[in-house]
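Below are the chains, spelled out letter by letter.
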Amino acid sequence: MKKTFFTLILIAMISAGLRAGNPPDEGMWLPMFVERLNYVDMQKMGLKLSPQEIYDINHSSLKDAIVNLGGFCTAEVVSDKGLLFTNHHCGYDAIQKHSSLEHDYLTDGFWARSLSEELPNEGLSVSFLVKMDDVTSRVLEKVKPEMSESERSAAIGKAVEMLKQEEAADGKYEVSVKGFYNGNEYYRFVYEVYEDIRLVGAPPSAIGKFGGDTDNWMWPRHTGDFSIFRVYSGPDGKPAPYSKENIPLKPKHFLKISVDGVERGDYAMIWGYPGQTDRYRTSHGIQATLGEINPAIIKVGGKILEIMKSDMDKSDDVRIKYASNYAGLANFWKNKIGESRGLKRLDVYDKKKAIEDKFSAWVMADESRKAMYGSALQDISDVYSAYSASKYNTKLWYLQISFFGSQMMQFPMQTQGIINILKSGQKGEELQASLAPFYEMGKGQFKNYNPATEEKIVAAILEMYRQDIPADALPDIFNLIDRKFKGDVHLFAKKMFETSVLTTPEKYEAFLAKPSIKVFENDLAYKLTNSFYNSFMTQNMSMTQNGEKLKKAQRLFVDGLRKSNPEKVYYPDANSTMRVTFGKVLDYYPADAVHYDYVTYAEGILEKEDPTNDEFIVPARLKEIIETKDFGKWADKNGRMVVCFLSHNDITGGNSGSPVLNGNGDLIGIAFDGNWEAMSGDIAFETELQRTISVDIRYVMLIIDKYANAQNILEELRFVKK
Ligand code: ARG
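Thresholds, definitions, all that
Residues numbered from 1 in each chain as written. Predicted model: local features only at pLDDT ≥ 70, side-chain atom pairs only at ≥ 80, totals over all residues. Heavy atoms only, no water. Axes fitted to C-alpha atoms, helices over the stretch in contact; angles between N-to-C directions. Helix = DSSP H or I, 4+ residues; strand = E, 2+ residues; numbered from the N terminus. Parallel < 35°, antiparallel > 145°, perpendicular 65-115°, else oblique. Contact = heavy atoms within 4.5 Å. Nonpolar A, V, L, I, M, F, W, Y, C, P; charged D, E, K, R; others polar. 1 Å grid on protein atoms, 1.4 Å probe; cavity = no way out; pocket = protein on both sides within 12 Å on 5 of 7 lines; lining within 4 Å. Points joined across faces, edges and corners; volume = space filled by probe spheres on them. Near = heavy atom within 4 Å. Polar contact = N/O pair within 3.5 Å; in protein donor to acceptor, adjacent residues only side chain to side chain. Areas by Shrake-Rupley, 256 points an atom, 1.4 Å probe, with all protein chains shown as cover. Pairing = 2+ DSSP bridges. Disulfide = S-S within 2.5 Å. Buried < 20%, exposed > 50% of the residue type's maximum accessible area, 1.4 Å probe, protein only. Salt bridge = Lys/Arg side-chain N within 4 Å of Asp/Glu carboxyl O. Phe/Tyr/Trp six-rings, centres within 6.5 Å; stacked < 30°, edge-to-face > 60°. Lys NZ or Arg CZ within 6 Å of the ring centre and 35° of its normal. Left-handed = near helix turned anticlockwise from the far one by under 90°.

(A) Region of the structure containing the packing of helix 21 (residues 477-485) against helix 25 (residues 524-542). Contact pair helix 21 / helix 25: the axes reach a minimum separation of 9 Å and the direction vectors enclose 140°. When the interaxial angle is binned, helix 21 and helix 25 end up oblique. Residues I477, L480 and F485 of helix 21 form the contact with helix 25, whose participating residues are L524, K527, L528, S531 and F532. Looking at the contact of helix 21 with helix 25 residue by residue, the class counts come to six nonpolar, one polar and one charged.

Printed below as a string of structure tokens:
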């Protein structure tokens with residue numbers, strides 16, 4: 001599951017609530033504590049490696065083969081030349097950027113037959129975890145209970161800066177310190193970051209994204225969701241920016257490929273970088289999610305997607321340009337639909353309420369507990385009521401989705417800095433030098449942009465605002481729309497696209513060459529974005545106190561909850577740090593009288609085939625392989641070709657591309673999705689229903705071998721067989 005949109009979210013609505021009692025397989029554990037907390041359970045379930053073989057900071061260990069890809073996905077090193085496996089949907093943006101009408105790698109796939117054909121990807125990096133440590137006491141050293149939240153943040157911020165400096169080794173490492181358990185604990189992570197990452201291989205979308213948005217978030221699945229990259233280092237083996245002189249990385253550790261396949265009950269362990277979960281959200285948070293947050297996302301996101309899709313279907317050029325943005329938004333949007341469905345069906349509200357009632361009883365039984373935790377739940381409830389009364393959540397999410405889905409909200413935002421440069425009084429060459437980065441920005445902006453589509457999106461957003469936000473809380477651009485355009489948002493959007501200097505590359509460059517403060521300040525796109533931004537900031541400021549109150553109350557709630565169940569080990573919410581989840585290969589029962597098996601086979605691809613639907617086209621060569629059963633050594637013991645499998649693991653967005661490992665630490669699959677029946681899993685893990693969906697590594701091999709005939713890739717890999 002890719003993190004995509006989650007990274008862009010400005011403010012995460014975090015609150016609290018967790019069921020008591022850890023069912024097996026729930027939990028995203030910190031590698032540093034695996035030996036102490038999980039090792040015995042892991043061994044019982046089938047792990048054969050020693051604790052040192054999986055996590056060791058002095059010697060190479062399994063953790064050295066797992067990387068954070070670009071902050072939004074996970075990848076794993078699979079050869080001694082720095083080859084990386086991840087998902088197709090993780091490589092999608094890179095593949096899209098290399099695609100054009102002439103080289104449509106999205107449709108046709110891409111295979112480098114030698115190192116020299118591999119494609120560099122500006123801005124894409126991978127981070128190797130060097131080590132992590134617990135810095136809680138040092139972070140909280142200067143924090144006093146009587147401090148306000150902002151004083152507390154300031155004290156923490158100072159300590160964090162120092163802790164980062166300490167390990168940065170003069171810029172050799174990137175260091176981050178992150179809060180856990182809603183700010184009750186802090187850990188420090190030291191990374192080595194490589195910036196020269198090249199695209200090596202990708203199947204066509206008809207394999208890598210087979211089933212499209214229809215099958216997304218669902219089982220049974222038949223998707224070859226993988227792509228291949230390579231990490232390059234400088235000639236000295238150290239991180240270096242892209243250069244022709246760079247060489248394939250010599251990694252500390254790489255994974256071997258198991259061709260034994262999976263059986264029900266087999267040990268399965270997943271390592272990766274889950275982005276964000278909210279397992280401690282309270283019943284109040286559930287109400288806000290169901291009543292305000294998700295409906296806002298679903299309404300605005302759905303409308304933007306509909307506009308994009310209709311234009312993408314009409315033109316290949318628009319299809320390629322919007323592919324990556326569309327996929328990201330569609331993925332997030334469907335997730336929220338499933339999340340609401342799951343929260344309702346699985347009675348998550350009642351489950352949270354039960355935890356809170358137990359918590360309250362524990363608090364009430366003791367005076368010192370009352371003093372410490374007595375107001376936490378009431379405060380949380382008060383804040384959510386205040387949010388509701390002011391339509392805060394709706395406005396916030398309308399705005400966030402609009403910024404995410406509309407380039408004409410993003411670009412004016414990115415170029416706002418122009419105004420300060422113009423006002424600084426610079427002239428001539430000096431001025432042009434200052435504006436240079438903005439010329440570059442324009443090149444990026446107009447590459448994946450279609451003005452007609454954007455005009456419709458802007459109008460639709462304005463229309464939804466008008467419908468659903470109280471008149472006195474609308475951004476002030478609506479005054480102008482009312483005054484000058486008789487309230488007609490379409491007329492406004494049309495005029496804006498006609499007159500703004502930000503809506504075509506020609507007008508934009510001409511403006512930069514002869515800039516004017518007056519022109520920019522009167523630009524309708526600039527005005528629109530400014531107005532939305534200001535409205536957001538005002539709204540946010542008015543809620544600062546509530547935000548701080550909520551943060552504090554949640555911290556206390558989580559602290560008290562842990563103390564009230566001292567025998568239980570609580571795992572921390574995901575926060576884009578390396579985690580391990582272990583469980584087994586397992587089927588499930590999605591509904592009364594329905595059983596879902598734990599593997600899918602290649603025949604299922606042909607069952608789903610529909611040449612009239614671009615989500616279910618089967619490439620001719622793949623069809624031939626399946627029809628002639630040309631599976632070679634990648635078939636299972638009955639000669640059948642497994643495509644995907646299920647396991648009982650706890651993953652979320654950011655885990656996409658994570659390796660699924662057997663008891664020996666060998667690669668059996670690449671995780672890429674969660675299942676529809678448990679989409680509320682980010683808020684409450686559903687042990688009977690929640691599964692991870694992975695592509696079987698043997699299907700990945702089949703595609704590389706028989707479909708792409710990329711023997712150069714196979715030769716690099718190391719295979720193991722029982
Ligand atoms: N649901 C997956 C995730 O969040 C992404 C799957 C991408 N495939 C697709 N058909 N959109 O990671």
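From this point, things continue past the structure.
(B) Layout of empty space enclosed by the protein. Summed over the entire model, instances satisfying the criterion amount to five cavities of 30 Å³ or more. Of the pockets and cavities examined, the second largest cavity occupies roughly 170 Å³. As for the second largest cavity, its lining consists of 18 residues, and the residues nearest its centre are M1, I651, G674, A678 and D682. Taken together, the residues of the lining of the second largest cavity sort by class into six nonpolar, nine polar and three charged.

(C) Inspection of the site of the ligand at higher detail. Near the ligand, the surroundings consist of M1, K2, H89, K209, G212, D213, N216, W217, N331, S656, F672 and D673. For the ligand, a nitrogen atom lies 2.7 Å from a polar atom in the side chain of N216. Within the side chain of N331, one N or O atom sits 2.8 Å away from a nitrogen atom of the ligand. Alone, the ligand offers 340 Å² of accessible surface; in the complex the protein occludes 96% of this. For the shell around the ligand, the secondary-structure elements that each account for two or more residues are helix 10 (212-215) and strand 20 (667-674). Taken together, the residues that form the shell around the ligand break down as three nonpolar, five polar and four charged.

(D) How the structure looks around the pairing of strand 7 (residues 174-180). Relative to strand 8 (residues 185-194), strand 7 runs antiparallel, the two being bridged by seven bridges. The residue of strand 8 that forms the bridge with E174 is Y191. The turn linking strand 7 back onto strand 8 is made up of four residues, and Y181 within it adopts a positive phi angle of 50°.

(E) The arrangement of the state of the cysteines in detail. Summed over the entire model, instances satisfying the criterion amount to one disulfide. Paired through a disulfide, C73 and C90 show a sulfur-sulfur distance of 2.1 Å. On the sign convention where negative is left-handed, the bridge of C73 and C90, at about -75° about the S-S bond, is left-handed. Remark: C90 occurs in helix 5 (residues 88-97) and C73 occurs in strand 2 (residues 73-77); sequence separation between them is 17 residues. Residues C73 and C90 agree in their burial class; the two are buried. With no disulfide partner, C644 has as its closest neighbouring cysteine sulfur the one in C90, 15 Å distant. Its relative accessible area of 0% is what places C644 among the buried residues.

(F) Broad picture of the pattern of salt bridges. Per the stated rule, a full pass over the model turns up 44 salt bridges. Across the pair R188 and D133 runs a salt bridge, and its minimum N-O distance is 2.9 Å. Taken as a pair, R188 in strand 8 and D133 in strand 6 (residues 126-134) lie far apart in primary sequence, 55 residues in all. The buried category is assigned to R188, whose relative accessible area is 4%.

(G) Seen up close, the packing of aromatic side chains. The full count for this structure, using the stated rule, is 28 aromatic pairs. Look at Y384 and Y387: their rings are 6.0 Å apart centre to centre, the planes differ by 90°, and that puts the pair in the edge-to-face class. With Y384 and Y387 both in helix 15 (residues 376-389) and three residues apart, the pair spans about one turn of that helix. Residue class for Y384 comes out buried when judged on its relative accessible area of 7%. Classification of Y387 as buried rests on a relative accessible area of 4%. Joined through ring pairs, the aromatic side chains of F33, F180, Y187, F189, Y191 and Y273 make up one cluster. Note that R562 overlies the ring of Y181, its terminal NZ or CZ placed 3.4 Å from the centroid. Taking the ring centre of Y601 as reference, the NZ or CZ of R640 above it sits at 3.5 Å.

(H) Region of interest: the packing of helix 15 against helix 26 (residues 544-564). Axis separation between helix 15 and helix 26 bottoms out at 8 Å; the angle between their running directions is 150°. Regarding helix 15 and helix 26, the two cross each other, and that crossing is left-handed. The segment helix 15 lies against helix 26, with A376, L377, D379, I380, D382, V383, Y384, A386 and Y387 engaging N546, G547, K549, L550, A553, Q554, L556 and F557. Looking at the contact of helix 15 with helix 26 residue by residue, the class counts come to 11 nonpolar, three polar and three charged.

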